[in-house]
Amino acid sequence: TFSPGPLAHGLALYAMTETLAAGGEFIAAPHFDAAAAAALVTAHEVRRLVLVPTMLRRICDSVSGTPLRSVTAATVAGAKLTVADRQAAARALPQAAIREYYGASELGFVSVTDPADPPSPTAVGRAFPGVGLSVRDEAGLVLPAGETGTIFVDSPLISDGYLAGGDGAGFRRLGVLATVGDLGFLDQDGMLHLIGRAGGMLVSGGNNIYPSEIEAVLVSMPGIRSAFACGLEHADLGTELVAVIEPDGVAPDADALALDLAARLPRYKHPRRMWLCRSMPMTGSGKVAAKTVRHWIAEESDDLERLF
C-alpha cells in the first residue's frame, strides 16, 4: 500500500496502521509529488493506493501512455470523485477497483461505496460494517428518506471526546449516537448523500447555501478539475456566493458554464462571481488551500482570472 502524502494527514496515518496490522508493506512520502509518486508505483509494483481525489487526479495526469497496471485497488477519501476522475483512473489505473469512503477522526469509518456503484456528486456509500446511520432534525427525531438533516452514527469506533474539550459545534452526542455536524440524507436504498457541514452554511438573500454542494456540482461539470466556493460580505444580500475553478485543460466558456449551472442548480445557488485559477493552491493533504484562495480573492490577485 502506498499513500503519497505526509503521515500528518489522517488518511495516510490510517493507511499505515491498517496495512501494518494486516502484515503488509507500507510506503510513505514526505510530501506529495505526482510524477515521483507514479514512478514509485512502477518501481515498487504498488498494488494499492490510499489517497485523496486531488492526488489521484494528478497522478493520473502524470501518467502518459504507460498505465500503472500493478495497482488493483484504490481507496479514496477526503472529497468526492468526479466522473472525469473515474474516467482518468480507468485509463491510468485500468486494473484498479476504486472505493470511496466517508468518515471522521471522531467517528471512524461511516460509509463506503462499492466499485460497481454509479458515480454521484453527493453519494458517499452505505453504512460501514457494524455502523448504524440515521439522519435527524434539530429535535433529534429521525427524518424520512430523502430529507436533509444532521448525520448521526452508532458505532463502536466513536471516540470518547477531545482531550482539551470541545465547543459542541462539531463532535457531539445524542445518547449512544454521535455526529460531527455533517448534513446529508439517506435515500430509499440506504445510500448516504453528503451535503455539507452545518457550520459551513451561508445565508444569501435569505437562502441557505452549502458551499460544498456547489463545489461538488462544479467539479462534476466537463472541463473543471477542482473548485472552491465561499461567501463574501454583501451590502444587499448579506453574503454573496462566489467560486474559483481550476480548468482541466482548456478554460470553459463563461456562457456555457452559466447554462450548465442553470441545468444543475436553482438560480439562488449560482455563484454571483467566478474566477479561473490555472493552478489551484493545495495543502499538504491534497485539499484546496482555502485561506490562500480567499486571500487571492480579497487582494484581487493576478493568480485569478475573472470569468464573470
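Residues numbered from 1 in each chain as written. Predicted model: local features only at pLDDT ≥ 70, side-chain atom pairs only at ≥ 80, totals over all residues. Heavy atoms only, no water.

J.: I'd like a rundown of the overall build of the protein, residues and numbers included.
T.: Along its length, the protein carries seven helices and 17 strands. For a compact globule of 308 residues, the expected C-alpha radius of gyration is about 19 Å, and the protein comes in at 20 Å, within 12% of that figure. Based on the C-alpha atoms only, the size of the protein along its principal axes is roughly 60 × 50 × 40 Å. When each of the 308 residues of the protein is scored for burial, the buried share is 47%. Taking the intrachain contacts of the protein between residues at least 6 apart in sequence as the baseline, contacts between residues at least 24 apart amount to 60%. Total accessible area on the protein is roughly 15,100 Å²; 53% of this is exposed by carbon and sulfur atoms. Distance between charge centres in the protein, computed from 25 positive and 34 negative side chains, equals 3 Å. (Helix = DSSP H or I, 4+ residues; strand = E, 2+ residues; numbered from the N terminus. Rg over C-alpha atoms; globule rule 2.2 N^0.38 Å. Buried < 20%, exposed > 50% of the residue type's maximum accessible area, 1.4 Å probe, protein only. Contact = heavy atoms within 4.5 Å. Areas by Shrake-Rupley, 256 points an atom, 1.4 Å probe, with all protein chains shown as cover. Lys, Arg positive; Asp, Glu negative; His and termini not counted. Charge placed at Lys NZ, Arg CZ, Asp CG, Glu CD.)

J.: Explain the sheet that holds strand β17 (residues 305-306) to me, and be specific about the residues and the numbers.
T.: As summarised here, the arrangement of the four strands in space is β14-β15-β16-β17, forming an open sheet in which the pairing is mixed. Here the strands that pair on one side only, and so sit at the sheet edges, are β14 (224-234) and β17. As judged from the two bridges shared by strand β16 (residues 273-276) and β17, these two strands associate in the antiparallel manner. Bridged to Trp275 within β17 is Arg306. Most of the contacts of helix α5 (residues 211-219) go to β14, to which it runs at about 150°, and overall it touches β14, β15 (238-247) and β16. Here helix α7 (residues 290-299) sits on the sheet in contact with β14, β15 and β16, set at roughly 60° to β14. (Pairing = 2+ DSSP bridges. Axes fitted to C-alpha atoms, helices over the stretch in contact; angles between N-to-C directions.)

J.: Pulling in residues and values, what's your account of the sheet that holds strand β2 (residues 73-76)?
T.: Spatially, five strands are ordered β1-β2-β3-β4-β5 in an open sheet, and the strand pairing comes out mixed. Across the chains shown, the open sheet's two edge strands, defined by having one partner strand only, are β1 (48-51) and β5 (126-127). In this sheet, β2 lies alongside β1 in parallel orientation, the contact comprising four bridges. Directly across from Arg48, in β2, lies its bridge partner Ala73.

J.: Any details on the nonpolar core? Residues and values, ideally.
T.: Within the largest apolar cluster, 33 residues are counted, with the highest numbers of intra-cluster contacts made by Phe2, Leu49, Leu56, Leu68 and Leu93. When contributions to this core are tallied by element, the ones reaching two or more residues are α1 (10-21), α2 (34-44), β1, α3 (53-62), β2, α4 (83-92) and β3 (97-104). For Leu93, the contacting residues outside a window of four places in its chain are Leu49, Leu56, Leu68 and Val71. Among the nonpolar cores identified, the runner-up in size contains 18 residues, and Ala227, Ala229, Ile245 and Met274 belong to it. (Core = buried A, V, L, I, M, F, W, Y, C linked by side-chain atoms within 4.5 Å.)

J.: If you had to explain empty space enclosed by the protein to someone new, which residues and values would you point to?
T.: Under the counting rule described, the total for this entry stands at one cavity of 30 Å³ or more. In this structure, the largest cavity spans a volume of roughly 30 Å³. Ser3, Gly5, Pro6, His9, Leu11, Ala12, Val50, Leu51, Val52 and Met55 together form the lining of the largest cavity. Put simply, the parts of the chain that give the lining of the largest cavity at least two residues each are α1 and β1. Of the residues belonging to the lining of the largest cavity, the class tally is seven nonpolar, three polar and no charged. (1 Å grid on protein atoms, 1.4 Å probe; cavity = no way out; pocket = protein on both sides within 12 Å on 5 of 7 lines; lining within 4 Å. Points joined across faces, edges and corners; volume = space filled by probe spheres on them. Nonpolar A, V, L, I, M, F, W, Y, C, P; charged D, E, K, R; others polar.)

J.: Go over the side chain of Thr179, please, and point to the residues and values.
T.: Take Thr179: it is sitting in strand β9 (residues 177-179). Among the polar contacts listed, one links the side chain of Thr179 to the backbone oxygen of Ile151, at a separation of 2.7 Å. One polar contact links the side chain of Thr179 to the main-chain amide nitrogen of Gly181, over a distance of 3.0 Å. Thr179 has contacts with Leu107, Thr150, Ile151, Phe152, Gly170, Phe171 and Arg172, leaving out every residue within four places of it along the chain. (Polar contact = N/O pair within 3.5 Å; in protein donor to acceptor, adjacent residues only side chain to side chain.)

J.: Mind laying out the pattern of salt bridges, listing which residues take part and the relevant values?
T.: All told, the structure shown has 14 salt bridges when counted by the stated rule. Asp248 is the partner of Arg225 in a salt bridge, and the nearest nitrogen-oxygen pair spans 3.4 Å. Of this pair, Arg225 sits in strand β14 while Asp248 sits in the loop between β15 and α6 (254-264), and the two are 23 residues apart along the sequence. You can call Asp248 partly exposed: its relative accessible area is 40%. For Asp260, the salt bridge goes to Arg264, with nearest N and O atoms at 2.7 Å. With Asp260 and Arg264 both in helix α6 and four residues apart, this pair spans about one turn of that helix. Shared partners join several salt bridges into a network, and the residues in it are Arg58, Asp61, Arg225, Glu246 and Asp248. (Salt bridge = Lys/Arg side-chain N within 4 Å of Asp/Glu carboxyl O.)

J.: Lay out the packing of α2 against α3 with the relevant residues and their values.
T.: The relative placement of two packed helices comes down to the angle between their axes together with the axis-to-axis distance. Close contact between α2 and α3 brings their axes to 8 Å; oriented N to C, the two are set at 75°. Regarding the angle of α2 to α3, the classification is roughly perpendicular. The residues of α3 that touch α2, namely those facing Ala34, Ala35, Ala37 and Ala38, are Arg58, Ile59 and Ser62. Considering only residue class, the contact of α2 with α3 consists of five nonpolar, one polar and one charged. (Parallel < 35°, antiparallel > 145°, perpendicular 65-115°, else oblique.)

J.: Let's hear about the pairing of β3: which residues, and what values?
T.: In this structure, β2 lies alongside β3, joined through four bridges in parallel fashion. Across the sheet, Ala73 pairs through a bridge with Ala97, a residue of β3. With respect to chirality, the unit in which β2 leads through α4 into the neighbouring parallel β3 is right-handed. Across four bridges, β3 lies against strand β4 (residues 108-112) in antiparallel orientation. (Right-handed = clockwise from strand over helix to strand, strands pointing away.)

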